[in-house]
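Chains, contacts and geometry: an overview
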Amino acid sequence: MNFKRGFLLDKPKKNAEIKRAPQAATTVPIVKIPSYTFDPPPPPAILPDTQRIPGSRDAQMNLWIASIPMPNERFPPEPYSICILWDKQKDAMYSRPGFPSRLISPPRNVYEIRPSPIAGLGMFATEDIANVVQMAIDKLPPWSKEKFFSLADSQSSRPSLLGIINTNAIPLGALPGFSGMVGGVCLELSRINHSCCPNVTHRFDLQSFSVEARAIRPIARGTELFIPYVHILDSRAERQKDLRSKYGFTCTCPSCSLPTAEERKRSDTVRGLLQNAAKMERVRALFDYEENAIDDNVWPVYLQRLVKAYCALGDEENAKTYAQRTAKLTLAFRGSDEGWDAVANNPKNTDWWGLRAKADAR
């Protein structure tokens, strides 16, 4: 569905002799299994604007005094911050690409600091400041504006512009030229309700500037479509707390409505195992949609590991099964199978096929 214009083994060593079966006259190209990894950040540089304050023998207890950004006489002076950071804080911050970036200041200030009639000094507008969001909404055609204001505001009994946006905006990721995350309100897609066991995912397509929804499991005719509003791998209590505070309702999906404390505990345990990246065999069992909790940060890494493992073991049936599942999920979440269909069609022709047997034969 399109909603347009919406807001285990190493590779063989070189020169190693490997017993190979006779090949047919026609050579079939090797199929590459896509890989997804959690890449650690590069080691941070020790910048000259930091001063180490020795702490205990534990490196995590060291403190640093840092100036962000570094004072630089070649450029006009700009505001900077003096920070006291723990080792891990400093490393994580300075490993961010492009950090710290140049401060982008507005062409002029539209405020001033002066005495306030209620408490000391205050900040006051020096000219009328336009509501940019309202200006954007005013550019919608009347029928579209009417649909926008018919959306719910979970934050107030009297709907407001920002309340409607905060309630209905769908995360779209980052747009070119700015690394911050953005969201958009869609006239139809924003009508999809929440479930902790969603049957639909959505993605933003920059090229067409549209949002599309795709099924992540078979859906029978007449079944309501659901997406998650919160992180579905959190515990039931955490999900309910987030939903009540952000959207003002209590979820009654199958997972949240489990009748016994034992079943609810098991549900939380399953989701916790997925979130904490459990052992491969346990993850394989969990991916059988036991909880209907398919998280885009978890399944790519572990499904591709399962496929590689079964290829290395020469288990064609399981390799095909999990490659097909990965192809369907990749298509749903990313709009393309990214080469998984080829793996599912012929796992024997991947570069991982039979590596275990080949290693045992050395």
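Please refer to the structure higher up on the page.
Parameters and conventions
- Residues numbered from 1 in each chain as written.
- Predicted model: local features only at pLDDT ≥ 70, side-chain atom pairs only at ≥ 80, totals over all residues.
- Heavy atoms only, no water.
- Helix = DSSP H or I, 4+ residues; strand = E, 2+ residues; numbered from the N terminus.
- Buried < 20%, exposed > 50% of the residue type's maximum accessible area, 1.4 Å probe, protein only.
- Areas by Shrake-Rupley, 256 points an atom, 1.4 Å probe, with all protein chains shown as cover.
- Polar contact = N/O pair within 3.5 Å; in protein donor to acceptor, adjacent residues only side chain to side chain.
- Pairing = 2+ DSSP bridges.
- Salt bridge = Lys/Arg side-chain N within 4 Å of Asp/Glu carboxyl O.
- Phe/Tyr/Trp six-rings, centres within 6.5 Å; stacked < 30°, edge-to-face > 60°.
- Lys NZ or Arg CZ within 6 Å of the ring centre and 35° of its normal.

1. Section: the overall build of the protein chain
Helix and strand counts for the protein chain come out as 11 helices and 12 strands. Put simply, the protein chain has 362 residues, and 33% of those count as buried. Only carbon and sulfur atoms are counted for the fraction: they give 55% of the accessible area of the protein chain, which is about 23,700 Å².

2. Brief notes about the environment of S150
Turning to its location among the elements, S150 is positioned in the loop between α3 (142-149) and α4 (161-168). Here the alpha-carbon distance between S150 and L187, two residues 37 residues apart in the chain, equals 9.7 Å. Within the local environment of S150, its side chain forms a polar contact with the side chain of R191, the two groups lying 3.0 Å apart.

3. A word on the pairing of strand β5 (residues 111-115)
Pairing of β5 with strand β6 (residues 121-125) involves five bridges; the strand directions are antiparallel. Its bridge partner lying in β6, I113 is registered against M123. The turn linking β5 back onto β6 is made up of five residues, and G120 within it adopts a positive phi angle of 50 degrees.

4. Section: the pattern of salt bridges
What the rule picks out here adds up to six salt bridges. Residue D138 is joined to K145 by a salt bridge in which the shortest nitrogen-to-oxygen separation is 3.8 Å. Overall, the relative accessible area of 25% leaves K145 in the partly exposed class. The salt bridge involving R214 is made with E212; its shortest N-O contact spans 2.9 Å. By relative accessible area, which is 9% here, E212 ends up buried. Through salt bridges that share partners, R203, E212 and R214 make up one connected network.

5. Quick word on the packing of aromatic side chains
The tally for this structure, following the rule as stated, stands at six aromatic pairs. Look at F148 and F149: their rings are 5.1 Å apart centre to centre, the planes differ by 90 degrees, and that puts the pair in the edge-to-face class. Accessibility expressed as a relative area gives 3% for F148, which makes it buried. On the basis of relative accessibility, which here comes to 38%, the residue F149 falls in the partly exposed class. When the centroid spacing of 5.1 Å and the interplanar angle of 85 degrees are considered together, the rings of F204 and F209 count as edge-to-face. On the basis of relative accessibility, which here comes to 14%, the residue F204 falls in the buried class. A relative accessible area of 39% means that F209 is categorised as partly exposed. Among the aromatic residues, those joined into a ring-pair cluster are Y229, Y247 and F249. Across from the ring centre of F124, 3.8 Å away, lies the NZ or CZ of R114, which sits over that ring.

The values are spatial; any link to function lies outside them.
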